[in-house]
Amino acid sequence: MTHSTIALFLLALGATAPASIAGPLTPPPGPVNSTSLPLAEAEPRTPISVANTPGDADAVFVISTPGSYFLTSNIAADTGRSAIKVAASRVTIDLRGFLVSGVPGSVHGVSIATGGDIRIQNGHLANTPGFGINGGSGTAISVDNVTCVNAAMGGIRVGNASVVSNCHVQSAGPEGGISVGIASIIDACRVTNGAGSGVVADWNTLVTRSTSFANAGAGFDMQSRSTIIGCAARANAQSGIRASAGVVVRGCNSNSNLGAGIEANNSALIRDNLCRENDVGITLSGADSRVEGNHLLGNAFGVRSITGGNLIIANALSLNATDFDLGGVDTIGPTIPPGPITSTSPWANFSF
C-alpha cells in the first residue's frame, strides 16, 4: 500500500467518525453561574456576632436559639456582664482556638442560664472574675479541649449528667478547678495551682486519666458512690484523693500531699494504688471499707483506721514511720516483716 493510499484511508475514516466524539466549543448563552455551594450550605453554623447573637444586660453575646455557633475572633466580657450567655438547649459552641477573656468587673467567660444538651469546645478562657464556664444550672453539658486560666471563682462548673474531657484548668478560684454534677464524667483533664480543690465530683461520677497538682484544697474531692480510676494527685495542700461514702479508688498515684494520699469515709473500695510521701498513705474515717493491694511508701503512717470495722489485706508497706495506726477493731491480714516469707496467708500485708 502506497503512502497516498494510506492518507486517503485515514481521511475517509475521520470523515465517517461520529460527531459526538468532541463537544461544542461555544458556551451556552446567558450569564455564567457559580458552581460553588451557597454560604449557608458551605458553613451552616452561625458566627457569634453583634448581628447574629446580640447581647443583653447579662452578656455581650446571647445565644437564645438552638443551633451550632462559632467564634471568628477573640472576644471579651465587659463590666457587669459575661462574654457569652447560653439561654437555649441543644447548642454547640466551637471556640475555634480563640480566646474568651474577662476584664476587671466582668462576670463569667461563658454562662449557661438554662437548658441542656450544650457543647463547648476547642478554645481558651482567661482572666474571668467569675467562672471560666459557669454551667451549674444546666444539664448534659459537654466541655472538650478547653483551657481555662485565672478564673477567680472557679474554672469549669457544669451540672448533672455532664462530660468534661481533655481540658486544662490553671489557677482557678476557691470553688474548684473542675466541678461537675451528679452522674457526670471527667476524663483526661489537668488541674493545677488552684485556690480550692482541683476536681469536685458529685454523686455517681466517673473520673479517669486526670491529674491534680499543687491545689490549695484536695486534689480530687469525690462525693458518694463515685469512681476514680487511673488518676494522679501530687503536692496538694489537703488530701490527694478525698472520698465520701461508697467511692471506688483504683489504680491511682497520690504522692507528696500534705494530707492523706487517699482519705475515705466509709464503704469505700481502695485497690491497687500507690501512695507515697504523704502525711498518711490511706486514712479511713469510717467503717466497711476494703483496702487491698496498695503500695504505701514513705508516709508518716501507712494505713490509719480511726474507728475500725474495715478490711485491710494484701498491701505492701515500706519506709513508713508507722505502718498501721488502728483506732478500732479491723479485719486485717497478718503482717509479714522483711526476710523470708513464712506465712501462707493470701491476705497477708507485707512490711519491708
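The preceding data block contains the structure.
The following refers to the structure shown. (Residues numbered from 1 in each chain as written. Predicted model: local features only at pLDDT ≥ 70, side-chain atom pairs only at ≥ 80, totals over all residues. Heavy atoms only, no water.)

1. Notes on the packing of aromatic side chains
Considering all chains together, one arrives at zero aromatic pairs under this definition. Over the face of the ring belonging to phenylalanine 301 we find arginine 304, whose NZ or CZ atom lies 4.2 Å from the ring centre. (Phe/Tyr/Trp six-rings, centres within 6.5 Å; stacked < 30°, edge-to-face > 60°. Lys NZ or Arg CZ within 6 Å of the ring centre and 35° of its normal.)

2. Details of the environment of threonine 128
Residue position: threonine 128 is located in strand β9 (residues 116-128). Spatially, the C-alpha atoms of threonine 128 and serine 106 are 7.0 Å apart, while their sequence positions differ by 22 residues. Engagement of the side chain of threonine 128 in a polar contact is seen with the backbone oxygen of phenylalanine 131, the distance being 3.4 Å. (Helix = DSSP H or I, 4+ residues; strand = E, 2+ residues; numbered from the N terminus. Polar contact = N/O pair within 3.5 Å; in protein donor to acceptor, adjacent residues only side chain to side chain.)

3. Here's the deal with the side chain of asparagine 310
As for its position among the elements, asparagine 310 is in the loop between β33 (301-305) and β34 (311-313). Among the polar contacts listed, one links the side chain of asparagine 310 to the backbone oxygen of glycine 286, at a separation of 3.0 Å. The contacts of asparagine 310, once residues within four sequence positions are left out, are Leu284, Gly286, Ala287, Asp288, Ser289, Ser305, Asp330 and Thr331. (Contact = heavy atoms within 4.5 Å.)

4. Topic: the nonpolar core
Where a protein is soluble and globular, its nonpolar side chains tend to be buried together. Of all hydrophobic cores here, the largest spans 64 residues; its most connected members are Ile84, Ile93, Val143, Ile156, Val164, Phe220 and Ile228. Broken down by element, this core gets its largest block of residues, five residues, from strand β11 (residues 139-151). With near-sequence residues (within four places) excluded, isoleucine 228 lies in contact with Val207, Phe220, Met222, Ile241, Val248, Val249, Arg250 and Cys252. (Core = buried A, V, L, I, M, F, W, Y, C linked by side-chain atoms within 4.5 Å. Buried < 20%, exposed > 50% of the residue type's maximum accessible area, 1.4 Å probe, protein only.)

5. Some remarks on the pairing of β11
Bridging between β9 and β11 involves ten bridges; their strand directions are parallel. Each bridged residue has a counterpart across the sheet, and for glycine 123 the counterpart in β11 is valine 146. (Pairing = 2+ DSSP bridges.)

6. Some thoughts on the pattern of salt bridges
Applying the stated criterion to the full structure yields twelve salt bridges. Note that arginine 209 is salt-bridged to aspartate 187, the shortest N-O span being 2.6 Å. On the criterion of sequence distance, the pair formed by arginine 209 in the loop between β19 (206-208) and β20 (211-213) and aspartate 187 in strand β16 (residues 185-187) is long-range, its members being 22 residues apart. Residue classification places arginine 209 among the exposed positions, given a relative accessible area of 55%. The salt bridge involving aspartate 325 is made with arginine 304; its shortest N-O contact spans 2.8 Å. Here aspartate 325, found in strand β36 (residues 322-326), pairs with arginine 304, found in strand β33; they are 21 residues apart in sequence, far enough to count as distant. For aspartate 325, a relative accessible area of 27% translates into the label partly exposed. On the accessibility criterion, arginine 304 (22% relative accessible area) is partly exposed. A cluster of three or more residues bridged by salt bridges with shared partners is formed by Asp56, Asp58 and Lys85. (Salt bridge = Lys/Arg side-chain N within 4 Å of Asp/Glu carboxyl O.)

In short, shape yes, function no, at least from these values alone.
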